[in-house]
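This is what each chain is made of:
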Amino acid sequence: MDARHHTLPCTSLGSTRTLTSLHYGVAAARPKVYIQASLHADELPGMLVAHHLRERLMKAERSGQVLGQVVLVPVANPIGLAQRIDHRPMGRFELNTSENFNRSYPDLAQVAFERVGRELGSDLDKNVAMVRAAVLDWLSEQTPLTELEGLRLTLYRLAADADVVLDLHCDAEAVLHLYSETACWPPLEPLACWLGAQTVLVADYGAGGQPFDEQLSGLWSQLAARLAAHGIEVPLPQACASATVELRGEADVGHAWAERDADAIWRYLQHLGVIAGDPGPVPEPRFVPTPLAGSETLKAPCPGVIAFHAEVGTVLSPGALVAEIIDPLSGQTALLRTAQGGVLYARTRERYAPAGLTVAKVAGHRPVRTGNLLSE
Ligand SMILES: [Zn+2]
């Protein structure tokens with residue numbers, strides 16, 4: 001194992017932070033899988049999963065079982081992890097800029113198109129190598145000004161040439177679910193089966209905000225689209241499958257879950273040929289992939305105390321009652337119902353709702369939304 005410590009730019013006199021990446025296998029070996037935890041720094045289940053993966057990877061490497069390459073970043077956001085206000089963690093937005101740590105990643109497809117788009121030829125493997133080299137060169141040439149820019153750039157330098165990228169997050173209260181770009185969903189299906197995911201949300205590129213996972217898979221889907229738009233016909237695969245894996249809710253941090261999830265990821269690594277060994281049969285899926293545009297967001301229509309009527313994981317019929325929003329001053333109660341039904345896959349941890357609060361999310365089968373499909 002090779003532990004690398006990346007110093008982030010110094011934003012303020014006298015304080016510097018470090019991002020640590022753990023590397024297993026031979027640097028040039030394929031497939032390369034990149035796994036990071038807690039980019040939203042207050043979403044901690046992935047950090048404990050990374051701890052369990054780290055132990056397994058150490059043992060596997062000692063016995064020569066790492067056939068490909070794994071890069072593990074157990075603490076992907078040291079900036080956000082240190083942010084607290086009034087004794088509460090604040091790991092989603094950088095306090096200095098109010099920017100979401102999981103947004104604003106660079107458009108690698110445009111970089112690759114400009115640098116090598118017209119030099120690609122008939123050899124598919126050579127095209128993949130040229131695109132990866134061009135992107136890594138561009139990333140190495142960038143000079144970040146701030147700690148946040150340095151964090152985004154460092155993570156991308158580690159992940160941009162990976163075959164598979166897993167970004168481990170969680171929701172507030174939730175069942176295990178995944179987000180993925182349509183173009184790279186099929187290769188990720190066994191992972192979702194082993195994890196026992198109860199919801200999978202897929203979207204074409206452009207869900208909004210340029211998040212970490214989408215810009216990595218988008219390198220290939222959007223480069224292919226740009227080449228086609230310019231009449232350039234060359235073979236180019238979807239050479240990166242990336243997913244945001246939501247490991248249940250914020251409080252679902254414990255060894256039983258983490259061991260189970262690490263084992264599921266381990267079997268997927270075996271399935272990919274990164275780790276030696278037989279992963280066993282792929283379990284039957286507990287989900288039917290649904291469009292991200294079909295995810296119904298239930299918002300509080302007025303302020304009040306939240307009383308839930310449905311647990312996460314419940315399959316709701318259209319019109320089913322999800323929660324009441326109760327005004328104890330007037331005695332009035334607003335009923336929050338799902339319009340189209342589906343799996344109640346996430347809900348807030350708050351029990352007081354200001355008007356407009358996102359109270360719950362239901363994965364419906366029919367696209368009902370347009371525009372920016374991700375929450376702030
Ligand atoms: Zn997150």
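Residues numbered from 1 in each chain as written. Predicted model: local features only at pLDDT ≥ 70, side-chain atom pairs only at ≥ 80, totals over all residues. Heavy atoms only, no water.

**Some remarks on the coordination of the zinc ion**
Part 1 of the reasoning: Around the zinc ion, the donor atoms from the protein are H40 (ND1), E43 (OE), E43 (OE) and H169 (ND1), and they sit 2.0 to 2.6 Å away.
Part 2 of the reasoning: Counting residues between consecutive donors of the zinc ion along the chain gives the motif H-x2-E-x125-H. Taken together, the residues H40 in the loop between β3 (32-37) and α1 (45-62) and H169 in strand β7 (residues 164-171) connect sequence positions 129 residues apart. (Donors = N, O, S within 2.8 Å, 3.2 Å for Na, K, Ca; no water. Helix = DSSP H or I, 4+ residues; strand = E, 2+ residues; numbered from the N terminus.)

**Quick look at the environment of E189**
Part 1 of the reasoning: Considering the arrangement of structural elements, one finds E189 in helix α6 (residues 185-195).
Part 2 of the reasoning: Owing to a relative accessible area of 33%, E189 belongs among the partly exposed residues under this scheme. (Buried < 20%, exposed > 50% of the residue type's maximum accessible area, 1.4 Å probe, protein only.)

**Section: the packing of helix α4 (residues 124-141) against helix α5 (residues 147-159)**
Part 1 of the reasoning: Contact pair α4 / α5: the axes reach a minimum separation of 10 Å and the direction vectors enclose 155 degrees. As judged from the angle between their axes, α4 and α5 are roughly antiparallel. Taken as a pair, α4 and α5 cross one another with a handedness that is left-handed. Contacts between α4 and α5 involve L136, L139 and S140 from the former and L153, Y156 and R157 from the latter. (Axes fitted to C-alpha atoms, helices over the stretch in contact; angles between N-to-C directions. Parallel < 35°, antiparallel > 145°, perpendicular 65-115°, else oblique. Left-handed = near helix turned anticlockwise from the far one by under 90°. Contact = heavy atoms within 4.5 Å.)

**Here's the deal with the pairing of strand β2 (residues 18-25)**
Part 1 of the reasoning: Looking at chain direction, strand β1 (residues 2-7) and β2 are connected through six bridges and run antiparallel. Bridge pairing in β2 links D2 to H23.
Part 2 of the reasoning: Pairing geometry for β2 and strand β4 (residues 69-73), over four bridges, is antiparallel. Considered in β4, the bridge of G25 is made with Q69. (Pairing = 2+ DSSP bridges.)

**Some words on the nonpolar core**
Part 1 of the reasoning: Ranked by internal contacts, the top residues of the largest apolar core, which has 44 residues, are L53, L166, L168, L178, L188, V245 and I265.
Part 2 of the reasoning: Apart from the residues lying within four places of it in its own chain, the contact partners of L168 are I35, Q36, A37, S38, G46, V49, V245, L247 and I265.
Part 3 of the reasoning: In this structure, L8, A112, L139 and L219 belong to the second largest nonpolar core, which totals 43 residues. (Core = buried A, V, L, I, M, F, W, Y, C linked by side-chain atoms within 4.5 Å.)

In short, the description is geometric, and any link to function would need to be established separately.
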